[in-house]
Every structure is written in C-alpha cells, then in structure tokens.
Amino acid sequence: MTDTTPDPLRIAFSPCPNDTFVFDAWAHGRVPDAPALDVTFADIDVTNGMAERGELDVLKVSYAVLPWVLDEYALLPCGGALGRGCGPLVLTREAGTDLTGKTVAVPSERSTAYLLFRLWAAEVVPGGVGEVVVMPFDEIMPAVRDGKVDAGLVIHEARFTYRNYGLHNLADMGRHWEDTTGLPIPLGAIIAKRSLGADTLKLLAESVRTSVRMAWDDPETSRPYVLEHAQEMDPSVADQHIGLYVNEFTADLGEDGYAAIRGLLTRAAAEGLVPPLGPDALSFV
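Engineer: Would you mind showing me how to read unusual backbone geometry here?
Structural biologist: Glycine aside, a negative phi is what most residues show, and trans is what most peptide bonds show. Even without being glycine, aspartate 33 reaches a positive phi, approximately 70 degrees. For leucine 56, which is not glycine, the phi torsion reads 65 degrees and is therefore positive. Of the residues examined, leucine 56 reaches a relative accessible area of 11% and is grouped as buried.

Below is the structure:
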C-alpha cells in the first residue's frame, strides 16, 4: 500500500524565544490541519543565505533580504517580527564613541539591523565607519567587551543584557527609525516558496496565526520548547524577549506593517543599498 502522507515542509527559523514561541504549537502538531514541519534552527545570517539560494520551503529571514528573494518566495502576512521600541542597538565600551573609521561587528550584511545601521550612519557618521565584520549575534557583545572590535550592532535579547558586559548604548536604530518615519520597525519576515501554490500559502499563513494565538492563550505550554533552545538564557529575559517581539504584527502585518516594510525597502533602494521592489512584490496570494 502506497504511503500518501505528504512530506513535511522544510522550515528554518532561529532558536530565539520569539520564533520558538510562535512556532511551538505548529512544530509539535497541535495546530489542526496544518502541514507537518521539518524544523532546522539557524542564525539569521544563515537563513538569509538559504533564502538567496532557494533552499527550504519556509524561512524566517531579515526584511532587508526580501529584494533579492521575492521572485521565488512570497512574504507571509504574519509570523514575523515588527514592533516599536525593539530596534537594534549600537554598543561600545565607552560612552559617546565616535565611530568614524572604527571597526563594527554586525550580525549579517543582509540583515534589517545592518540596513537600519547604514541609514543611520549615513546621517550621523558622515566620515563613514571603518571595517564591518560579520559574526554570530551572540558573539558580538563579548567581542566589543574584549576590544576585538570597536562597536557592535546587536539584536534580540541583547537589549536586556548589554549592561552585564559593561557596555554602553551608543545609539538605538529603532528609535532613529521611528523618530524619522513614525512607523514600526520591520525586523524579521516569514517567507514561503511561491511554487507551493496559493492554497498552500494561505494554509501556511493561517497555521502561523493559529500557532501564535495558541501560544498567547497558553504560554506555559510553549515554555519547555522556548527554554530548550534559548541558549542558557534567563527565563525572565526570554519572557521579555517574547513580549517585545511577538505582538499584533505577528498575528497580522496590517496597514502599518506593510507601510513599514515598503518604507524601509524604498528608502534603502533610494540610497542604493538594495534593489528596487516591483509594484506587487509584497502582495500575498
């Protein structure tokens, strides 16, 4: 007898608490009628590269990488990370450091964090920074503390823990973005292969929404999965992380969410930092 069970969808997202919180119910088969998932955990720089190479069915990526991948992938209208007061920070050992000519560590050259940093630096560091070094986000704060780099662009829970490393917050990229645009900060997106077809893409979006709502309704159920992958993170920090990055935009991008994404990528394209988007590039099925 032939097995007609479809293969699990191959998905990659980070081990960070917001992603494991969002996908816990779906990954563990608790979302009714949702496709089974084959989960890979990977840092955002890795998933961005996977998207550019067309690997896997579903990926969590930086919004900044969308101009390179939207021919093959569709942006899902939910599941990602946007918000207010949640932007990347530039950290230094000394307060008020001038970054002109300085070495800066960043989590990915195709990350939204780096795009926001480049837009900020164009205004605030007219002489330009020096060398930019890509490293995994969890290595950046130790590198700044130990003097291996002059500054670090940090994301995720580093907002809550950088003082533990004796570091100073030189600038908040999110605050700069919000002050200049009034829009929420677009950070991470969920994308899926267009070749899956419209019906499957709609099912994926509904599965994400249901998984998010189930996590909100019963957060304790997701806690073991969150803490298992949170890299020895303090549980209270994990809770803060989830509270900041999982919000109404995770359930649905809405008008403000799409406006923020278009605003970021249009502004970046005008500066020559990303290719321009086509008029329908962000549209869902």
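On we go from here.
Engineer: Looking at this model, I keep getting lost on the sheet that holds strand S7 (residues 104-106). Mind explaining?
Structural biologist: Picture the strands of a sheet paired through backbone hydrogen bonds; they go either parallel or antiparallel. Strand order in the open sheet made by the 5 strands is S8-S7-S9-S6-S10, with mixed pairing throughout. Strands with a single pairing partner mark the edges of an open sheet, and in this sheet they are strand S8 (132-134) and strand S10 (168-172). When strand polarity is set aside, the average angle formed by the axes of neighbouring strands in this sheet is 30 degrees. Across 4 bridges, the pairing between strand S6 (residues 89-92) and strand S9 (residues 151-154) is antiparallel. Directly across from valine 90, in S9, lies its bridge partner leucine 153. With respect to the sheet, helix H4 (residues 112-124) is in contact with S6, S7, S8, S9 and S10, its orientation differing from that of S9 by roughly 125 degrees.

Engineer: Hey, could you run me through the packing of aromatic side chains in this one?
Structural biologist: Any aromatic ring pair is given by two values, namely how distant the centres are and how the planes are angled relative to each other. For the coordinates displayed, the defined rule picks out 6 aromatic pairs. With 5.4 Å between their ring centres and 85 degrees between their planes, phenylalanine 13 and phenylalanine 41 make a pair best called edge-to-face. Of this pair, phenylalanine 13 sits in strand S1 (residues 9-13) while phenylalanine 41 sits in strand S2 (residues 37-41), and the two are 28 residues apart along the sequence. Accessibility expressed as a relative area gives 0% for phenylalanine 13, which makes it buried. One aromatic cluster in this structure is built from Phe13, Phe23, Trp26, Phe41 and Tyr225. For the cation-ring pair, arginine 110 lies above tryptophan 68, with the distance from its terminal atom to the ring centre recorded as 3.6 Å.

Engineer: Explanation requested: the layout of surface pockets in the structure shown.
Structural biologist: The gaps left among the atoms become clear once a water-sized probe is rolled over them. Within this model, the largest pocket holds a volume of roughly 300 Å³. Lining the largest pocket are 16 residues, and of these Asp138, Met141, Glu157, Thr161 and Tyr165 sit closest to its centre. Elements represented by at least two residues in the lining of the largest pocket include exactly helix H5 (137-145) and helix H6 (158-161). Per element, the largest residue contribution to the lining of the largest pocket is 4 residues, and it comes from H5. Classifying every residue of the lining of the largest pocket by side-chain character gives 9 nonpolar, 3 polar and 4 charged. There is about 150 Å³ of room inside the second largest pocket. Mapped by element, the contributors of at least two residues to the lining of the second largest pocket are helix H2 (44-52) and helix H3 (66-69). A total of 4 residues in the lining of the second largest pocket trace back to one element, the largest contributor, which is H3. Of the residues that constitute the lining of the second largest pocket, the class distribution is 10 nonpolar, 1 polar and 3 charged.

Definitions and limits used
- Residues numbered from 1 in each chain as written.
- Predicted model: local features only at pLDDT ≥ 70, side-chain atom pairs only at ≥ 80, totals over all residues.
- Heavy atoms only, no water.
- Buried < 20%, exposed > 50% of the residue type's maximum accessible area, 1.4 Å probe, protein only.
- Pairing = 2+ DSSP bridges.
- Helix = DSSP H or I, 4+ residues; strand = E, 2+ residues; numbered from the N terminus.
- Axes fitted to C-alpha atoms, helices over the stretch in contact; angles between N-to-C directions.
- Contact = heavy atoms within 4.5 Å.
- Phe/Tyr/Trp six-rings, centres within 6.5 Å; stacked < 30°, edge-to-face > 60°.
- Lys NZ or Arg CZ within 6 Å of the ring centre and 35° of its normal.
- 1 Å grid on protein atoms, 1.4 Å probe; cavity = no way out; pocket = protein on both sides within 12 Å on 5 of 7 lines; lining within 4 Å.
- Points joined across faces, edges and corners; volume = space filled by probe spheres on them.
- Nonpolar A, V, L, I, M, F, W, Y, C, P; charged D, E, K, R; others polar.

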